[in-house]
Amino acid sequence: MLEVTGLAKAFTLHLQAGLRIRVLAHVDLRVDAGQCLALVGPSGAGKSTLLRSLYGNYGADSGQIRVRHGDDIVDLAAASPRVVVDIRARTIGYVSQFLRVVPRVAAIDIVAEAASGDRRARAAALLSRLNIPARLHALPPATFSGGEQQRVNLARGFIGGHPVLLLDEPTASLDDANRDIVIAMILEAKAAGTAIVGIFHDTEVRDAVADLRYHVAPIQDAA
Amino acid sequence: MEHDTLLSARGLTLHFGATPALVDVDADLWPGEVLAVVGESGSGKSTLLNVLSGRLAPDAGVAWYRDPAGALHDIHAMPAPALRTLHRSDWGFVHQNPRENLRMAVTAGGNVGERLMARGSRHYGDIRAAAISWLEQVEIDADRVDDLPRTFSGGMLQRLQIARTLVTHPRLVFMDEPTGGLDVSVQARLLDLIRGLVRRLGIAAVLVTHDLAVARLLAHRIMVMQRGRVVESGLTDRVLDDPRHAYTQLLVSSVLGA
Ligand SMILES: Nc1ncnc2c1ncn2[C@@H]1O[C@H](COP(=O)(O)OP(=O)(O)OP(=O)(O)O)[C@@H](O)[C@H]1O
Ligand SMILES: Nc1ncnc2c1ncn2[C@@H]1O[C@H](COP(=O)(O)OP(=O)(O)OP(=O)(O)O)[C@@H](O)[C@H]1O
Ligand SMILES: [Mg+2]
Ligand SMILES: [Mg+2]
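Residues numbered from 1 in each chain as written. Chains lettered and ligands numbered in written order. Predicted model: local features only at pLDDT ≥ 70, side-chain atom pairs only at ≥ 80, totals over all residues.

What follows deals with the confidence of the model for chain B. A residue-level look at chain B finds 98% of positions with pLDDT of 70 or above and a mean pLDDT of 92. Scoring of the predicted complex yields 0.93 for pTM and 0.93 for ipTM. (pLDDT = per-residue confidence, 0-100.)

When the parts come together, some accessible area is lost, and that loss is often what is quoted as the size of the interface. The interface of chain B with chain A comprises 18 residues on the first partner and 14 residues on the second. Those elements that place two or more of their residues in the side of chain B that touches chain A are α6 (184-201), β10 (229-235), α8 (236-241) and α9 (246-253) of chain B. (Contact = placed C-beta atoms within 7 Å. Helix = DSSP H or I, 4+ residues; strand = E, 2+ residues; numbered from the N terminus.)

A few words on the sheet that holds strand β2 (residues 19-31) of chain A. The pairing of strands in a sheet comes from backbone hydrogen bonds and takes either a parallel or an antiparallel form. All names here are of chain A. Reading across the sheet, the four strands line up as β2-β1-β4-β5 and stay open at both edges, with antiparallel pairing between neighbours. Edge positions in the open sheet fall to β2 and β5 (72-75), since each of these has one partner strand only. This sheet shows a mean twist of 25° between the axes of neighbouring strands, independent of strand direction. Inspection of the sheet shows strand β1 (residues 2-13) paired to strand β4 (residues 62-69) by five bridges, in the antiparallel sense. Of the residues in β4, the one forming a bridge with L2 is V67. Docked against the sheet, helix α1 (residues 47-54) engages β1, β2 and β4, running at close to 65° with respect to β2. (Pairing = 2+ DSSP bridges. Axes fitted to C-alpha atoms, helices over the stretch in contact; angles between N-to-C directions.)

The next point concerns the pairing of strand β9 (residues 221-226) of chain B. Residue and element names in this part refer to chain B. With respect to burial, β9 is a largely interior element, six of its six residues being buried. Neither face of β9 is left uncovered, since the one carrying R221, M223 and M225 and the one carrying I222, V224 and Q226 both have all their residues buried. Two elements, strand β3 (residues 34-39) and β9, share five bridges in a ladder whose sense is parallel. Residue pairing for β9: V38 is matched across the bridge by V224. (Buried ≥ 20, exposed ≤ 12 C-beta atoms within 10 Å, placed from the backbone.)

Soluble, globular proteins show a tendency: their nonpolar side chains are buried together. Ranked by size, the top nonpolar core spans 131 residues in total, and within it V111 and A155 of chain A together with A36, V37, L52, L207 and L218 of chain B carry the most contacts. Taken domain by domain, this core gets at least three of its residues from each of domain 1 (1-90 + 170-258) and domain 2 (103-169) of chain B. Residues in contact with L207 of chain B, not counting those within four places in the same chain, are V34, L35, A36, V37, M175, L218 and A219 of chain B. (Core = buried A, V, L, I, M, F, W, Y, C linked by C-beta atoms within 7 Å. Domains from an automatic or database assignment.)

Across the chain, the bulk of peptide bonds are trans and the bulk of non-glycine residues have phi less than zero. All names here are of chain A. Positive phi, normally seen in glycine, also occurs at N131, with a value near 60°. The topology assignment puts N131 in the loop between α4 (119-129) and α5 (134-137). N131 gets classed as partly exposed once you count the C-beta atoms within 10 Å, which come to 14. The phi torsion at E169 lies on the positive side, around 50°, for a residue other than glycine. Looking at where E169 falls in the secondary structure, it is placed in the loop between β7 (164-168) and α7 (176-191).

Structure, rendered in structure tokens:
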């Protein structure tokens, strides 16, 4: 489903006298349908950077990110912005660590926007499954608690049924009951053939869902 | 011209005296896509919009528009009446100052209906019904239809301008700082409205803004301009979260939570 070869990523900070931070080098990994790969490594190693690169949110410096998109294999690292938009619509879903709230847009619409078809009914069902009570569905999530916002974010990520799902700390701000629901949703997605790459600090979650691990090691020579 | 684009420009260059307002600018816009143009004051954003929409002619370079039948038009070589027709039908222009676009001596309903009449609609009842429906879509009470715009607030004027622009279902809208000069709370409402309309109607737009949060909310792609040049362009969230050019990094670091 997703295959990464020779991926490298550095940041050049022009406002800091051109300081160059190398974060990723020689990343090779592969996830097939129905598998879940966990990215592990110390804080600051580059796990989120790698996940964002797989979504095209960070641009890769070199290497390939090949993904099955419809009937084609597309290199996301070299794809035009319009192709990336299409890949995000149809192939790759992403759950960021924090919800980015849009002023005035209700929780149910934030979720429904990420899908097609009979969207509002499915959005409501998904929100309810994640214990967001119906009375909150029509409200913009700006005033929601951290855990509620994260669950709206999860609903938004899962509703599309994308063949590839990227998860950055999906259970970080959740209590045990909601965490178990998310584990169940991840397992169901895998059973349905979704390929998942995730960052799970919670080792119980990781052990419950991950089949594979990729170690993201900090690069020492930050020159 | 790129395959299947709605609008394409290559090598647009325009100087005002010694001021380089546009230097070798390329741009492409596809149907249904929102392209944001950002940059500091004086970087050439409005000039680019005016050149792309044929309101100004460049010193060099060319811009093409593809009409619904697939025929290409060189925007700066078109006869003036043909360009005017485009502006009345396929295109819309939303100005930062709504007074530039609205007729202040004509009622709100008249302002919206006028665009339909200019396009050839004649049936008074239909025109009035369409005007009322559009006022409602931009959240202006239907009972204000016979009021003059000068009785409207700044935010309402801007929404009225949007109704007037969109009533003819343009395929392409040029917007110059549509939320500039409005209160933050009014801005949020207007942005939400524009976002909904653009998505629902599948309108393509070139959106000039100095507000990166507006660009993030509305645009698929973004172009960053500095002193008349495009210094960086790409997917909106890529450019804002992983800016490459020194000037983009400066812009992004200057605002909170863009
Ligand atoms: N947009 C950016 N611009 C500059 N540097 C960045 C950017 N994003 C990440 N970095 C840097 O890349 C390095 C890796 O960060 P990243 O967020 O990927 O780590 P992480 O492994 O996810 O850590 P954590 O477990 O704490 O979330 C850090 O040094 C960080 O400062
Ligand atoms: N008609 C004109 N005559 C002379 N100079 C002009 C004219 N129009 C624009 N300029 C100059 O061209 C440059 C670009 O102006 P432009 O209006 O495109 O900037 P902008 O990016 O839209 O700025 P702002 O964010 O302040 O609206 C500026 O230096 C401006 O002074
Ligand atoms: Mg991280
Ligand atoms: Mg301007």
